[in-house]
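Each chain is listed here by its residues.
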Amino acid sequence: MNKQQLISATETFVKTTLKNAEGGHDWFHILRVWNNAKLISKQENVDGFIVELGALLHDIADSKFHDGDETIGPKIAREFLESQFVENSVIVHIENIISNISYKGGNFKQNFTSPELDVLQDADRLDALGAVGIARCFNYGGFKNRQLYNPAIPPNLTMTKEEYKNSKAPTINHFYEKLLLLKDKMNTKTGRRLAEERHLYMEQFLTQFYNEWDGEK
């Protein structure tokens, strides 16, 4: 099996595995991240094969849908790639990408770096910004039956990883606890450029949201 055949097989596997996933973490999220990653890669010195595999498999089993277990995603990815007779060095790289790509709260320290992870982090974070990021944020909040906004519950900007993982705060808080912080955490020039525009859109949305909440517009 050549590399393109493996990419196609991985695409089919991910589509099947995520066919019933929550709307913000479904196949279409994977597709957007995949497209973002290919766009960013054009300006970076990276292994495009690793980037594409990582994009397709990065959310194969998001821990927040598996009782916080962060080992399931890498395990499923390894089992699939082994079934396709992929060399172990590639599998280990993909496992490390899956284990370190997510935000996980402001105090999380990732223990692995690579140019491919840098690209994939930016690609994934871009999908949490802008119009799509807003839609995904409220979709997940509805999925978890969270309040839209509660002025009596301020954002917590000093959460530990465990507090971040277990938070039940209103959806608007997530903008301050994660989404608005992503622009300054981008790794690549292309990622930073795209993040700026999407970040501005979210700030404009929040201004409109508060005006409507307070009956000013």
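Note that the coordinates shown come from a computational prediction; the quantities given were computed from them, not determined experimentally.

**Student:** For the overall build of the chain, give the residues involved together with the corresponding values.
**Tutor:** Broken down by element type, the chain carries 10 helices and 0 strands. Secondary structure elements of the chain occur, N-terminal to C-terminal, as α-α-α-α-α-α-α-α-α-α. For a compact globule of 217 residues, the expected C-alpha radius of gyration is about 17 Å, and the chain comes in at 18 Å, within 12% of that figure. Here the C-alpha coordinates of the chain stretch approximately 60 × 35 × 30 Å along the principal axes. In the chain, buried positions account for 48% of the 217 residues. When contacts within the chain are restricted to residue pairs at least 6 apart in sequence, those whose partners lie at least 24 apart make up 65%. Summed over all atoms, the accessible surface of the chain reaches about 11,300 Å², with 50% contributed by carbon and sulfur. For the chain, the distance from the average position of its 26 positive side-chain charges to the average position of its 30 negative side-chain charges is 1 Å.

**Student:** Mind laying out the pattern of salt bridges, listing which residues take part and the relevant values?
**Tutor:** Applying the stated criterion to the full structure yields 7 salt bridges. In this structure, Glu-95 engages Arg-78 in a salt bridge whose closest nitrogen and oxygen atoms are separated by 2.8 Å. On the criterion of sequence distance, the pair formed by Glu-95 in helix H5 (residues 88–100) and Arg-78 in helix H4 (residues 72–83) is long-range, its members being 17 residues apart. Between Asp-127 and Arg-136 there is a salt bridge; the shortest N-O distance is 3.5 Å. A residue is classified by how much of its surface remains accessible, and Asp-127, at 2% relative accessible area, is buried. One connected set of salt bridges, linked through shared partners, spans Arg-32, Asp-127 and Arg-136.

**Student:** Give me the lowdown on the packing of H4 against H5, citing residues and values where you can.
**Tutor:** Remark: H4 packs on H5, axes separated minimally by 9 Å, with the N-to-C direction vectors making an angle of 155 degrees. Judged on the interaxial angle alone, H5 and H4 are roughly antiparallel. Helix-helix and strand crossings are classified by hand; for H4 and H5 the assignment is right-handed. Facing Gly-73, Pro-74, Ala-77, Arg-78, Leu-81 and Glu-82 of H4, the residues of H5 in contact are Asn-88, Ile-91, Val-92, Ile-94, Glu-95, Ile-98 and Ser-99.

**Student:** I'd like a rundown of the environment of Val-90, residues and numbers included.
**Tutor:** As for its placement among the helices and strands, Val-90 is situated in helix H5. Using a relative accessible area of 11% as the deciding quantity, one classes Val-90 as buried. Separated by 12 residues in sequence, Val-90 and Arg-78 place their C-alpha atoms 9.7 Å apart. Here Val-90 is in contact with Phe-49, Ile-50 and Leu-53, once residues within four sequence places are set aside.

**Student:** Tell me what's going on with the side chain of Lys-178, and back it up with residues and numbers.
**Tutor:** By the element assignment, Lys-178 lies in the loop between helix H9 (171–177) and helix H10 (189–213). Despite its burial, Lys-178 pairs with no opposite charge, the nearest such side chain being Asp-124 at 6.2 Å. With residues near it in sequence (within four places) discarded, Lys-178 still touches Tyr-103 and Tyr-164.

**Student:** Run through the nonpolar core, naming residues and quoting values.
**Tutor:** As a rule of thumb, nonpolar side chains are buried together in soluble globular proteins. Within the largest apolar cluster, 54 residues are counted, with the highest numbers of intra-cluster contacts made by Val-14, Leu-53, Leu-81, Ile-94 and Phe-175. Broken down by element, the residue count for this core peaks at 7 residues, all from helix H3 (residues 48–57). For Leu-53, the residues in contact, after removing those within four places along its chain, are Leu-6, Ile-7, Thr-10, Leu-81, Val-90 and Ile-94.

**Student:** Just give me the short version of H4, but keep the residues and values in it.
**Tutor:** Count 3.6 residues to each turn of an α-helix, and residues three or four apart come out pointing the same way. The first and last C-alpha atoms of H4 sit 17 Å apart over 12 residues, in line with the 16 Å expected at 1.5 Å per residue. Once H4 finishes, Phe-85 follows within two positions and takes phi at roughly 60 degrees, a positive value.

**Student:** Any chance you could break down the packing of aromatic side chains for me, citing the residues and the numbers?
**Tutor:** This model, assessed by the stated rule, comprises 12 aromatic pairs. For the pair Phe-138 and Phe-205, a centre-to-centre distance of 6.0 Å together with 70 degrees between the ring planes defines the contact as edge-to-face. One end of the pair, Phe-138, is in helix H7 (residues 130–143); the other, Phe-205, is in helix H10, and 67 residues separate them in sequence. Residue classification places Phe-138 among the partly exposed residues on the basis of a relative accessible area of 22%. Classification of Phe-205 by relative accessible area gives partly exposed; the value is 24%. Plain terms: the ring middles of Phe-205 and Phe-209 are 6.1 Å apart, the flat faces sit at 40 degrees to each other, and that makes the pair tilted. Taken together, the residues span about one helical turn, with Phe-205 and Phe-209 both in helix H10 at a distance of 4 residues. Site record: aromatic cluster; members linked through ring pairs are Phe-138, Tyr-149, Phe-175, Phe-205, Phe-209, Tyr-210 and Trp-213. Positioned over the ring face of Trp-34 is Lys-38, at 4.3 Å from the centre of the ring.

What counts and how
- Residues numbered from 1 in each chain as written.
- Predicted model: local features only at pLDDT ≥ 70, side-chain atom pairs only at ≥ 80, totals over all residues.
- Heavy atoms only, no water.
- Helix = DSSP H or I, 4+ residues; strand = E, 2+ residues; numbered from the N terminus.
- Rg over C-alpha atoms; globule rule 2.2 N^0.38 Å.
- Buried < 20%, exposed > 50% of the residue type's maximum accessible area, 1.4 Å probe, protein only.
- Contact = heavy atoms within 4.5 Å.
- Areas by Shrake-Rupley, 256 points an atom, 1.4 Å probe, with all protein chains shown as cover.
- Lys, Arg positive; Asp, Glu negative; His and termini not counted.
- Charge placed at Lys NZ, Arg CZ, Asp CG, Glu CD.
- Salt bridge = Lys/Arg side-chain N within 4 Å of Asp/Glu carboxyl O.
- Axes fitted to C-alpha atoms, helices over the stretch in contact; angles between N-to-C directions.
- Parallel < 35°, antiparallel > 145°, perpendicular 65-115°, else oblique.
- Left-handed = near helix turned anticlockwise from the far one by under 90°.
- Core = buried A, V, L, I, M, F, W, Y, C linked by side-chain atoms within 4.5 Å.
- Expected span 1.5 Å × (residues − 1).
- Phe/Tyr/Trp six-rings, centres within 6.5 Å; stacked < 30°, edge-to-face > 60°.
- Lys NZ or Arg CZ within 6 Å of the ring centre and 35° of its normal.

That's the geometry; what it means functionally is another story.
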